[in-house]
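# Coordinate analysis (summary)
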Amino acid sequence: MYFDNAGVKLYYERTGSGAPLLLLHGWGGKADSFLPVTRDFSPVRTVYAVDFPGHGNSPEPPAPWSVTEYMELIWAFIRRMDIVGCDVIAHSFGGRVALLLAAEHPEAVRRMVLTGCAGLRPAPSKKRTLRARAYKCLRVLADNGLTRRLLGKRVEDWREALVQKFGSADYRALSKTMRPTFNRVVSQDLRPVLGKIRASTLLIWGVQDTDTPLWMGEVMEKEIPDAALIRLEGCGHFAYLERYADFKAIAWKFLIG
């Protein structure tokens, strides 16, 4: 099914019955990323799973978006579906949206389970800073008027080669129209909003997560007023799938009792 908000289409699936539970997937994922959660919670909850714009079955956003535009779309969806006060399970990028939603529209969310939640900007390492500077210098050279006159259309091939060499795996996989959105998303630091969140929040983290390192969960636990952090040993960024039985038991106890 599709939800339409001012021409922006959001694909979603709804299953089960009972109090609403909203699932928000990570970057590069889709509603199916939460298939086991949907399967196991739908007997007791009405489960809504979405494909964020630019993912799965949802078209790309009409212009470059930040977390804010994604959040406002989900807030419009919650109101239209009449599920204000829903519970949320979110992974990674979905956690970014959930954090901002709970901070800006506290009535939207009752409880949140966030796993491998993104949203905090790490201090850049020396190596990362040097790579970024090298990339910017080469981009400037590629965009130079003389370079364009000499290479013509081959400049675009050069620019793409730079992306493939210096960009992250997530960035390289994106269409050229989604890359500005990705840049806006990852540059938006949500740490300032953590103190505004009133929803009870359970953070479930893989100790070996390298995409959203454990320190991020520790900061969120400290700065979200009602939050607790559970560490899953031996797990990475997809801890909720790597140790799904444990994740399910913990989330079930927190959300259902």
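In this report, the structure presented in the accompanying data block is examined. Just so we're clear, the structure is a prediction, and the values are computed from it rather than from any experiment.

### Looking at the overall build of the protein
For the protein, the count of helices and strands is eleven helices and eight strands. Classification of the 257 residues of the protein by burial places 48% in the buried group. In the protein, once contacts between residues fewer than 6 apart in sequence are set aside, the share between residues at least 24 apart is 72%. Looking at the protein as shown, the accessible area adds up to about 12,300 Å², and 53% of this sits on carbon and sulfur atoms.

### Details of the packing of aromatic side chains
Inspection of every chain in the model, using the stated rule, returns 14 aromatic pairs. Ring centres 5.4 Å apart and planes at 65° place the aromatic pair Tyr 2 and Tyr 11 in the edge-to-face group. The class for Tyr 11 is buried, based on a relative accessible area of 15%. With a centroid separation of 5.1 Å and an interplanar angle of 65°, the aromatic rings of Tyr 12 and Phe 77 are classed as edge-to-face. Taken together, the positions of Tyr 12 in strand E2 (residues 8-16) and Phe 77 in helix H2 (residues 67-80) put the pair 65 residues apart, joining distant regions of the chain. There is no split in this pair, since Tyr 12 and Phe 77 are both buried. Counting every residue linked through ring pairs, the aromatic cluster contains Trp 27, Phe 52, Trp 65, Tyr 70, Phe 93 and Phe 182.

### Remarks on the side chain of Asp 87
Summarising the element assignment, Asp 87 is placed in strand E5 (residues 86-91). Each residue touching Asp 87, except ones within four places of it in the same chain, is listed here: Pro 20, Leu 21, Leu 22, Arg 45, Arg 110, Arg 111 and Leu 255.

### Brief notes about the sheet that holds strand E4 (residues 46-51)
With mixed pairing, eight strands are arranged side by side in an open sheet as E1-E2-E4-E3-E5-E6-E7-E8. Bordering the open sheet on either side are strand E1 (2-5) and strand E8 (227-232), each of which pairs with just one other strand. If you compare each strand with its neighbour and ignore which way they point, the axes differ by 20° on average. The pairing of strand E6 (residues 109-115) with strand E7 (residues 200-206) spans five bridges and is classified as parallel. From the neighbouring strand, Leu 114 faces E7, where its bridge partner is Leu 203. Set on the sheet, H2 makes contact with E1, E2, strand E3 (20-24), E4 and E5; between it and E1 the angle comes to about 115°. Its contacts with the sheet put helix H11 (residues 244-255) on E3, E5, E6, E7 and E8, and the angle it makes with E6 is roughly 165°.

### Examining H2
Structural remark: α-helix, 3.6 residues per turn; residues separated by three or four positions point the same way. Over its 14 residues, H2 runs 20 Å from end to end, which matches the ideal 20 Å to within 8%, given 1.5 Å per residue. Residues of H2 that are buried: Val 67, Tyr 70, Met 71, Leu 73, Ile 74, Trp 75, Ala 76, Phe 77 and Ile 78. The first or second residue beyond H2 is Asp 82, which carries a positive phi of 60°.

### A closer look at the side chain of Ser 66
Structurally, Ser 66 can be placed in the loop between E4 and H2. Among the polar contacts made by the side chain of Ser 66, one reaches the side chain of Glu 69 at a distance of 2.6 Å. When residues no more than four places from it in sequence are discounted, the contact partners of Ser 66 are Arg 184, Val 185 and Gln 188.

### Some points on the environment of Tyr 12
Tyr 12 sits in the buried class, given a relative accessible area of 7%. Residues contacting Tyr 12, with those up to four places away along its chain left out, are Met 1, Tyr 2, Phe 3, Tyr 48, Ala 49, Val 50, Phe 77 and Met 81.

### Description of the pattern of salt bridges
Tallied over the entire structure, the rule returns seven salt bridges. One salt bridge connects Arg 191 with Glu 223, and the closest N-O pair in it is separated by 2.5 Å. Taken together, the residues Arg 191 in the loop between helix H8 (179-187) and E7 and Glu 223 in helix H9 (residues 214-223) connect sequence positions 32 residues apart. As a salt-bridge pair, Asp 246 and Arg 243 come within 2.8 Å of each other at their nearest N and O atoms. On the basis of relative accessibility, which here comes to 29%, the residue Arg 243 falls in the partly exposed class. Salt bridges linked by common partners bring Arg 45, Asp 87 and Arg 110 together as one network.

What counts and what doesn't
- Residues numbered from 1 in each chain as written.
- Predicted model: local features only at pLDDT ≥ 70, side-chain atom pairs only at ≥ 80, totals over all residues.
- Heavy atoms only, no water.
- Helix = DSSP H or I, 4+ residues; strand = E, 2+ residues; numbered from the N terminus.
- Buried < 20%, exposed > 50% of the residue type's maximum accessible area, 1.4 Å probe, protein only.
- Contact = heavy atoms within 4.5 Å.
- Areas by Shrake-Rupley, 256 points an atom, 1.4 Å probe, with all protein chains shown as cover.
- Phe/Tyr/Trp six-rings, centres within 6.5 Å; stacked < 30°, edge-to-face > 60°.
- Pairing = 2+ DSSP bridges.
- Axes fitted to C-alpha atoms, helices over the stretch in contact; angles between N-to-C directions.
- Expected span 1.5 Å × (residues − 1).
- Polar contact = N/O pair within 3.5 Å; in protein donor to acceptor, adjacent residues only side chain to side chain.
- Salt bridge = Lys/Arg side-chain N within 4 Å of Asp/Glu carboxyl O.

None of the figures reported here should be taken as evidence of function without further support.
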